[in-house]
Amino acid sequence: AVVSTQSTGDDKLLKNVWMVVRVDGKGFHAFTQDHDFTKPNDKNALDLMNCAAKGVMTELSDIFLAYGQSDEFSFVFKRTSTLYGRRASKIISTVCSTFTSHYVFHWPIFCSQPLKYPPSFDGRVVLYPVEKDLRNYLSWRQADCHVNNLYNTCFWTLVQRGGLTTTEAEKRLNGSFSADKNEIMFTEFGLNYNDEPEVYRKGSTILWKQAEDEQTKRKRRVLEVRHCDIIGDLFWEERPDLIV
């Protein structure tokens, strides 16, 4: 069950349900071209996205989990959150502005080329009252990561190593299935898709964990970025108290 953001008749979101705010890059197809992002994946750009997401989680402590891939990030708020009185407009605008600010501020650290114009991100919030539906949403985003990255990896392999034009590569892959793309990469280019870095195939999951301070030896909360499967049960079974 997914609950509309306007279920209460005003800007306040329902209580005791998980809030998921998703930010997406606005016009990022052109943005990545104009700033010469590496195809099919730009590791520095993905690291910048993760950095911006960590900035949001640091400033908004009610977020216990975030998942990101490509030019998007989803932030999961604990169901008991009372941030800004659970006003949708305030929460969305704060997450979007904070993410964008960190993205621009940290750009010089991760990207060598200067910004030609400001990037922007839009956002939306969806409510999930049932844990199963929350997990299904996160699984959907990771499945989307796999589908898109498999296509892009095969597409750009055909262009960069196969000498095809982008139009020819698109035509070659039209109507193809996952098995077809894997076969093309392996038989024609000796590329095993499963050997591609997990950050590209599985996206980035960010969560809090306890770590020991090297100087004080005291436990403190730190953010951890993982590139792992979150569709199966193992990730969640190892963290039974994660969804709060």
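Look above for the structure.
Worth saying up front: this structure is predicted, and the values here are computed from it rather than measured.

Student: Would you explain the packing of helix H4 (residues 131-160) against helix H6 (residues 178-189) in this entry?
Tutor: In helix packing, the relevant descriptors are the interaxial angle and the interaxial distance, both defined with respect to the helix axes. Where H4 contacts H6, the axes come no closer than 10 Å and their chain directions differ by 35°. Judged by the sense of rotation from one axis to the other, the crossing of H4 with H6 is left-handed. Of H6, the residues touching H4 (which contributes Leu150, Tyr151, Thr153, Cys154, Thr157 and Leu158) are Ser178, Lys181, Asn182, Ile184, Met185, Glu188 and Phe189. Each residue belonging to the contact of H4 with H6 can be placed in one class, and the counts come to seven nonpolar, four polar and two charged.

Student: Would you mind showing me how to read the nonpolar core here?
Tutor: Formed by 37 residues in total, the largest nonpolar core has its most connected members in Phe73, Phe75, Phe77, Val95, Phe99 and Tyr103. Counting residues per element, the ones that place at least two in this core are strand S1 (18-25), helix H1 (28-34), helix H2 (43-59), strand S2 (63-69), strand S3 (72-77), helix H3 (88-110), strand S4 (121-128) and strand S5 (204-212). The element best represented in this core is H3, accounting for eight residues. Counting residues in hydrophobic clusters, the runner-up holds 18 residues, among them Tyr67, Tyr128, Leu138 and Ile230.

Student: How should the packing of aromatic side chains be read in this particular structure?
Tutor: A ring pair, where both rings are aromatic, is described by two values, the distance of the centres and the angle of the planes. By the definition in use, this model includes 18 aromatic pairs. Geometrically, the ring pair formed by phenylalanine 73 and phenylalanine 99 is tilted, given 6.2 Å between the ring centres and 45° between the ring planes. Separated by 26 residues along the polypeptide, phenylalanine 73 in strand S3 and phenylalanine 99 in helix H3 bring together distant segments of the chain. Looking at phenylalanine 73, the relative accessible area reads 1%, which means it is buried. Three or more aromatic residues joined by ring pairs form one cluster here, namely Phe28, Phe31, Phe37, Phe73, Phe75, Phe99, Tyr103, Trp107, Tyr117 and Phe121. The ring of tyrosine 84 carries the charged tip of lysine 90 above its face, separated from the ring centre by 5.1 Å. Across from the ring centre of tryptophan 208, 4.0 Å away, lies the NZ or CZ of arginine 221, which sits over that ring.

Student: Looking at this structure, how should I read a positive patch on the surface?
Tutor: A contiguous patch of positive charge, built from Lys12, Lys15, Arg87 and Lys90, is present on the exposed surface. Here lysine 90 shows up in helix H3. Owing to a relative accessible area of 33%, lysine 90 belongs among the partly exposed residues under this scheme.

About the cut-offs
- Residues numbered from 1 in each chain as written.
- Predicted model: local features only at pLDDT ≥ 70, side-chain atom pairs only at ≥ 80, totals over all residues.
- Heavy atoms only, no water.
- Axes fitted to C-alpha atoms, helices over the stretch in contact; angles between N-to-C directions.
- Helix = DSSP H or I, 4+ residues; strand = E, 2+ residues; numbered from the N terminus.
- Left-handed = near helix turned anticlockwise from the far one by under 90°.
- Contact = heavy atoms within 4.5 Å.
- Nonpolar A, V, L, I, M, F, W, Y, C, P; charged D, E, K, R; others polar.
- Core = buried A, V, L, I, M, F, W, Y, C linked by side-chain atoms within 4.5 Å.
- Buried < 20%, exposed > 50% of the residue type's maximum accessible area, 1.4 Å probe, protein only.
- Phe/Tyr/Trp six-rings, centres within 6.5 Å; stacked < 30°, edge-to-face > 60°.
- Lys NZ or Arg CZ within 6 Å of the ring centre and 35° of its normal.
- Patch = residues over 30% accessible without salt bridge, like charges linked within 9 Å, V, L, I, M, F, W, Y side chains within 5 Å.
- Areas by Shrake-Rupley, 256 points an atom, 1.4 Å probe, with all protein chains shown as cover.
- Salt bridge = Lys/Arg side-chain N within 4 Å of Asp/Glu carboxyl O.
- Lys, Arg positive; Asp, Glu negative; His and termini not counted.
- Charge placed at Lys NZ, Arg CZ, Asp CG, Glu CD.

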